[in-house]
Amino acid sequence: MATHSTKMLILGSGPAGLSAAIYGARAGMSPIVVQGIQPGGQLTTTTDVENYPGFADVIQGPWLMEQMEKQAVHVGTRMMWDTITGVDLSRRPFRLTGDGGDVYQGEVLVIATGAQAKWLGLDSEQALKGKGASACATCDGFFYRGKTVAVIGGGNTAVEEALYLTNHSDDVTLIHRRDSLRAERILQERLHAHPNIRVLWNKEVREFVDGGGNVGLVGLRLEDTVTGEESRIDADGAFVAIGHHPATELFRGHLDLDDDGYVAVETGSTRTSVAGVFACGDVMDKHYRQAVTAAGTGCMAALDAERFLAAVEFEELREAAE
Ligand SMILES: Cc1cc2nc3c(=O)[nH]c(=O)nc-3n(C[C@H](O)[C@H](O)[C@H](O)COP(=O)(O)OP(=O)(O)OC[C@H]3O[C@@H](n4cnc5c(N)ncnc54)[C@H](O)[C@@H]3O)c2cc1C
C-alpha cells in the first residue's frame, strides 16, 4: 500500500475534474486526479459532440476527453487509476482510501464524481443507447430535427425536456406511467398549452423497438398500467428523463448534501460545508449537466481551492511569526 500526497486531490476525471486539474497544476498545486471506474467521465460513452465550444467540426466525446487528459498531464497533473472507497474529511490533510488500499492525502479536495442518468433498465434500451435512446435532450435533441420524439417521465426534467424538444420537432410525446405529473404547475401549464406535445398517461415502456441494420430506434412498445393493454408508437428518438444518481454515497455523513443527494455548495462558489473541500460538475449541478458547465465549475473549484490554500498558508505564516 502506498501513500500519495499532494496539495490538491481531485476525484473524478470527467470535464470537471480535468478542468480543475489544468487550473490547479498551472497554479502550482501539483494535482493528483483519481480517475475512478470511468476514466474520462460520461462523455467517453457518447460519439458526436457538437456543443463543446472551440471546435467548428463535430468531435467525438472520447477524443475530447483524451485531449483534456493530455492537457492536464502536460501541465503537471498526476493521474491515478484507482477508485476511492473511503473518506476522512475530519481534518486536513484530507485522507482518502482507494479500493486497493492506497491512501491519498490532499491539503484540499475537489469532488468531481458526476451524476449518472437513471435508465429504465430494459435490454432493448441498452442496445439502442446512442442509436435513438438518450438521457439528455440538451445533448442529443439537435440530432432529431424534424423527427418524431418521445420523452419518458413525469417530473420537472421530463417536462422541460419535452418543451425543449419542440425547438427541433413538431411531434413530441410525453409518456408517463401515472395519471398526473409531478412537475411544477407552471411547467405543466406550458406543456399542456403546447400544440406539438401530446401526453400518454398510464403507460410504461416495455421495449425500445429496433428498426434493424443501422436504422436504430423506430418506436416504443407500451403497456397501459391500468388496463394492461399493449400499444405501439413511432419514435426516432426516446429520451429517458426519470432522474439522476449523483455519485455522493461516499460523502454521505461527511459533508452536506441537498435533498436530492447532490453536494451542497455555497451559491456562486464551489465551497462545500467542509472548509477546504470543493465540488464541481454534475455532482453539484442538477440544472445544467453539460460538459462545458462541468468544465466551468471545475475551473471555479481550482480557483476557490487556490485562494483557500493561500489564505491558510498566510495564517500559518502569521502565527509562526507571532
Ligand atoms: C451519452 C451522453 C451524451 C452526452 N452528450 C453531451 C454533449 O453532447 N454535450 C455536453 O455538453 N454534455 C453531454 N453529456 C453530459 C456530460 O457528459 C456531463 O455533463 C459531463 O460529463 C459531466 O462532467 P463531470 O466531470 O461533472 O462528471 P462525469 O463526466 O460524470 O465524470 C465523473 C468522474 O468521476 C469519477 N468517479 C466517480 N466516483 C468515483 C470514485 N469513488 N473515485 C474516483 N473517481 C470517481 C468517474 O470515474 C468519472 O471519471 C452527455 C452525457 C451522456 C451520458
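Conventions and cut-offs
- Residues numbered from 1 in each chain as written.
- Predicted model: local features only at pLDDT ≥ 70, side-chain atom pairs only at ≥ 80, totals over all residues.
- Heavy atoms only, no water.
- Helix = DSSP H or I, 4+ residues; strand = E, 2+ residues; numbered from the N terminus.
- Buried < 20%, exposed > 50% of the residue type's maximum accessible area, 1.4 Å probe, protein only.
- Polar contact = N/O pair within 3.5 Å; in protein donor to acceptor, adjacent residues only side chain to side chain.
- Contact = heavy atoms within 4.5 Å.
- Pairing = 2+ DSSP bridges.
- Axes fitted to C-alpha atoms, helices over the stretch in contact; angles between N-to-C directions.
- Core = buried A, V, L, I, M, F, W, Y, C linked by side-chain atoms within 4.5 Å.
- Left-handed = near helix turned anticlockwise from the far one by under 90°.
- Nonpolar A, V, L, I, M, F, W, Y, C, P; charged D, E, K, R; others polar.
- Near = heavy atom within 4 Å.
- Areas by Shrake-Rupley, 256 points an atom, 1.4 Å probe, with all protein chains shown as cover.
- Salt bridge = Lys/Arg side-chain N within 4 Å of Asp/Glu carboxyl O.
- Parallel < 35°, antiparallel > 145°, perpendicular 65-115°, else oblique.

**Q** I keep staring at the side chain of His244 and nothing clicks. Help me out?
**A** Within the secondary structure layout, His244 lies in strand β18 (residues 244–246). Residue class for His244 comes out buried when judged on its relative accessible area of 18%. There is a polar contact of 3.4 Å between the side chain of His244 and the side chain of Arg289. When neighbours within four sequence positions are excluded, His244 is seen to be in contact with Ala115, Gln116, Ala117, Lys118, Tyr262 and Arg289.

**Q** What should I look at first to understand the sheet that holds strand β17 (residues 237–240) in this one?
**A** Working definition: the strands of a sheet are paired by backbone hydrogen bonds and lie parallel or antiparallel to each other. Spatial strand order, β10-β17-β11-β12-β13: five strands in an open sheet with parallel pairing. The open sheet terminates on both sides in strands that have one partner only, identified here as β10 (133–134) and β13 (197–200). The pairing of β10 with β17 spans two bridges and is classified as parallel. Bridge pairing links Ala133 to Ala238 in β17. In this fold helix α5 (residues 156–165) packs onto β11 (148–152), β12 (171–175), β13 and β17, with an angle of close to 170 degrees to the strand it touches most, β11.

**Q** Hey, could you run me through the environment of Arg177 in this one?
**A** Positionally, Arg177 belongs in the loop between β12 and α6 (185–193). Overall, Arg177 belongs to the partly exposed group, its relative accessible area being 45%.

**Q** How should the nonpolar core be read in this particular structure?
**A** The nonpolar side chains of a soluble globular protein tend to be buried, and buried together. The biggest cluster of nonpolar side chains holds 32 residues, and the ones touching the most others in it are Met8, Ile10, Tyr52, Val108, Val110 and Phe278. Looking at this core, the elements with two or more residues in it are β1 (3–11), α1 (15–26), α2 (61–74), β8 (103–111) and α7 (291–321). Ranked by residues supplied to this core, first place goes to α7 with nine residues. Look past the residues within four positions of Val108 in its chain and what remains in contact with it is Lys7, Met8, Leu9, Phe94, Gly276, Phe278, Ala305, Phe308 and Leu309. Grouped together as the second largest cluster of nonpolar side chains are 22 residues, Ile84, Ile111, Val274 and Met284 included.

**Q** Got a minute to help me understand the sheet that holds strand β15 (residues 217–224) in this structure?
**A** If you walk across this open sheet you meet the three strands as β14-β15-β16, and the pairing is antiparallel. Of all strands in the sheet, those with a lone pairing partner are β14 (203–210) and β16 (230–234), marking the two edges. For this sheet the average axis-to-axis angle between neighbouring strands, irrespective of direction, equals 25 degrees.

**Q** For this particular structure, what's the right way to read the packing of α5 against α6?
**A** Think of two packed helices as two axes; the pair is described by the angle between the axes and how far apart they sit. Where α5 meets α6, the closest approach of the two axes is 10 Å, and the angle between their N-to-C directions is 35 degrees. Classified by chirality, the crossing of α6 by α5 is left-handed. Contact with α5, carried on its side by Asn156, Val159, Glu160, Ala162 and Leu163, involves Leu187, Arg190 and Leu191 of α6 and no other residues of that element. The residue inventory of the contact of α5 with α6, partitioned by class, reads five nonpolar, one polar and two charged.

**Q** Which parts of the structure should I look at to understand the site of the ligand?
**A** Among the 30 residues in the neighbourhood of the ligand, the closest are listed as Gln35, Gln38, Asn51, Asp282 and Ala291. With respect to the ligand, the backbone of Ile37 contributes an N or O atom lying 3.4 Å from an oxygen atom. In the model, a nitrogen atom of the ligand is placed 3.0 Å from a nitrogen or oxygen of the Ile84 main chain. Protein contacts shield 90% of the accessible area of the ligand, which totals 1,000 Å² for the unbound molecule. For the shell around the ligand, the secondary-structure elements that each account for two or more residues are α1 and α7. Across the shell around the ligand, the residue classes break down as 12 nonpolar, 16 polar and two charged.

**Q** In this structure, what is going on with the pattern of salt bridges? I would like to understand it.
**A** Should the charged atoms of two oppositely charged side chains come close, the side chains can pair. Evaluated as defined, the whole model comprises 14 salt bridges. Note that Arg206 and Glu204 form a salt bridge whose closest N and O atoms lie 2.9 Å from each other. By relative accessible area, Glu204 is classed as partly exposed at 24%. Between Glu249 and Arg252 there is a salt bridge, with its nearest N and O atoms 3.2 Å apart. Taken together, the shared-partner salt bridges in this structure form one network comprising Glu204, Arg206 and Glu223.

**Q** It is not clear to me how the packing of α1 against α2 should be interpreted in this structure. Could you clarify?
**A** In the contact formed by α1 and α2, the axes pass within 9 Å of each other and the chain directions differ by 25 degrees. Relative to α2, the element α1 lies roughly parallel. Crossing handedness for the pair α1 and α2: left-handed. Across the interface between the two elements, Pro15, Leu18, Ala21 and Ile22 from α1 touch Met65, Met68, Glu69, Gln71 and Ala72 from α2.

Purely spatial values, then, with no claim about function.
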